[in-house]
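Working through the structure, step by step
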Amino acid sequence: MSSIELKNIVKRYGDGFPAVNDVSLDVADGEFMILVGPSGCGKSTLLRMVVGLEDITDGDLLIDGRRVNEKAPRDRNLAMVFQNYALYPHLTVFENIAFPLRLNKGKHPEAEVREKVNRAAGMLELQEHLQRKPANLSGGQRQRVAMGRAIVRDADAFLFDEPLSNLDAKLRGQMRTEIARMQRRLGITTIYVTHDQTEAMTLGDRVAVLKKGVLQQCASPRELYEQPVNLFVAGFIGSPPMNFLPAKVEGSTLKLPFVDVPVTGDLAEKVAGKDLVIVGLRPEHLKDASLGGLPAGAVRFTATVDQTEWLGNEQYAYIPFEADSAVSAKLAELDRETDGERMRTQMVVNLDARSRVLEGDEAQLAFDPAQMHVFDPSTNECLTRDDEKAAAIAADSEQQRQAALRRAREREAVAS
């Protein structure tokens, strides 16, 4: 296991364009770090620089405190799992997994090769497939073979480049579980690239959100969700994404499209003097007021529902609204940056399955103003971020990570 440190890493191509621009990250020993962002944000380029497949234009890359910028990939002792699996079609599963060991001729006796391959196959439930060829395997099985090849190397860290993007939705869910279980069991430092924020939120100890080669925020999934630093992070993290509503500032009141919300304290001071802000509301924070159970201080309003979707355990209501032209332009830009496909300005409400709201209804809705996120449209800064709460979430997340690693090591010790 190893720590990986990126110090002011820059990747600039021949035309001078910085694909990765001044990124600094510390990946702790045994940590599962996710690099996430929309297409073209530089996440795969950053991963390839770590493994040595791309040159570093500027900055320092350290593995266990040693600078490795000029080292060849084979000398960094990192195992990479590619999106297309990169399996050898003429070799059996056994020989595909054993391939890294065969490269070092004479270093690993045959008995050791068999022990390592069988151990990896057992971990990944591939024992019955060791004599098959990759063409006879499912996509999920091929991905597990690629992971097995990484395991037998006894590498200092695993690097994954969108490993699940070729799988269907059901298999992706299963493989997410397998990768998380394997990483905890081995306790190995892992950097994982994905554009799927569901993978990022479910797998990562911490998640680094990138936009156009620039690191926006690196934090635990919970901190990203509850305490985003800016409009981009808030809009990228969450499914369905956060609703963004224009709000005119009139004294100590924010006038949203559907309701006026009074503000006090620090927030009132931060919005003072501004004409317009953007209010972010998670779909699940909007409730059907007719069902009751609302928190004290909840703001109620009425809105006409355009469309509903019932999913059994929950349902979504879609409510269109007119946005100020300045905010519309900002939201359209954000939608492009996050690879969204927004066709109109609308609010998404995640309703309880018990709700009987239908399209065309005048729905009675409510939300707790304490759950609002407020953004400055000129700087994109989140004005409601609480640094103390964010620090507490970070400390709690690290404590949970350490506890999970201890449990995994204890289980491994008992099993062996």
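Rules behind the numbers
Residues numbered from 1 in each chain as written. Predicted model: local features only at pLDDT ≥ 70, side-chain atom pairs only at ≥ 80, totals over all residues. Heavy atoms only, no water. Axes fitted to C-alpha atoms, helices over the stretch in contact; angles between N-to-C directions. Helix = DSSP H or I, 4+ residues; strand = E, 2+ residues; numbered from the N terminus. Parallel < 35°, antiparallel > 145°, perpendicular 65-115°, else oblique. Left-handed = near helix turned anticlockwise from the far one by under 90°. Contact = heavy atoms within 4.5 Å. Nonpolar A, V, L, I, M, F, W, Y, C, P; charged D, E, K, R; others polar. Pairing = 2+ DSSP bridges. Domains from an automatic or database assignment. Buried area = accessible area lost by both parts, 1.4 Å probe. Salt bridge = Lys/Arg side-chain N within 4 Å of Asp/Glu carboxyl O. Polar contact = N/O pair within 3.5 Å; in protein donor to acceptor, adjacent residues only side chain to side chain.

For the rest of this paragraph, the subject is the packing of helix 2 (residues 93–103) against helix 3 (residues 110–123). One can describe the packing of helix 2 onto helix 3 by two numbers: an axis separation of 10 Å at closest approach and a directional angle of 130 degrees. What the angle tells us is that helix 2 and helix 3 run oblique. As helix 2 packs across helix 3, the resulting crossing turns out to be right-handed. Contacts from Phe94, Ile97, Ala98, Leu101 and Arg102 in helix 2 reach Glu110, Val113, Arg114, Lys116, Val117 and Asn118 in helix 3. Across the contact of helix 2 with helix 3, the residue classes break down as six nonpolar, one polar and four charged.

Within the secondary structure layout, Val93 lies in helix 2. Expressed as a C-alpha distance, the spacing of Val93 and Leu126, which sit 33 residues apart in the sequence, is 8.4 Å. Non-local contacts of Val93, meaning those with residues more than four positions away in its chain, are made with His129, Leu130, Arg132, Leu137 and Val145.

As a further point, take the sheet that holds strand 21 (residues 373–375). Read from one edge of the open sheet, five strands run 13-12-11-14-21, paired in antiparallel fashion. Across the chains shown, the open sheet's two edge strands, defined by having one partner strand only, are strand 13 (260–262) and strand 21. The average angle at which neighbouring strand axes cross in this sheet is 35 degrees, direction not considered. Bridging between strand 11 (residues 243–250) and strand 14 (residues 276–281) involves six bridges; their strand directions are antiparallel. Paired with Asn243 across the strands is Leu281, a residue of strand 14.

Summarising the element assignment, Leu124 is placed in the loop between helix 3 and helix 4 (139–152). Apart from residues no more than four positions distant in its own chain, Leu124 is found in contact with Arg144, Met147, Gly148, Ile151 and Met182.

Once that is clear, we can look at the domain arrangement of the chain. A common way to express how large an interface is: the accessible area buried when the components associate. Assigned domains within the chain: domain 1 (4–226) and domain 2 (231–385). Spacing between the C-alpha centres of domain 1 and domain 2 amounts to 37 Å. The partner domain 2 presents 13 residues to the 17 residues of domain 1 that form the contact. Both sides together, the interface formed by domain 1 and domain 2 hides about 1,400 Å², and carbon and sulfur atoms give 60% of it. Of all residues in domain 1, Pro38, Gln197 and Tyr225 give up the largest surface area on contact with domain 2, accounting jointly for 44% of the area buried on that side. Inspection of the domain 1/domain 2 interface yields one salt bridge. For Arg385, the salt bridge is made with Glu223, and the minimal N-O distance between the two is 3.3 Å. Remark: the boundary between domain 1 and domain 2 carries four residue pairs in polar contact (both at pLDDT 80 or more). The set of elements that each furnish at least two residues to the side of domain 1 that touches domain 2 consists of helix 6 (197–203), strand 9 (206–211), strand 10 (214–219) and helix 7 (221–226).

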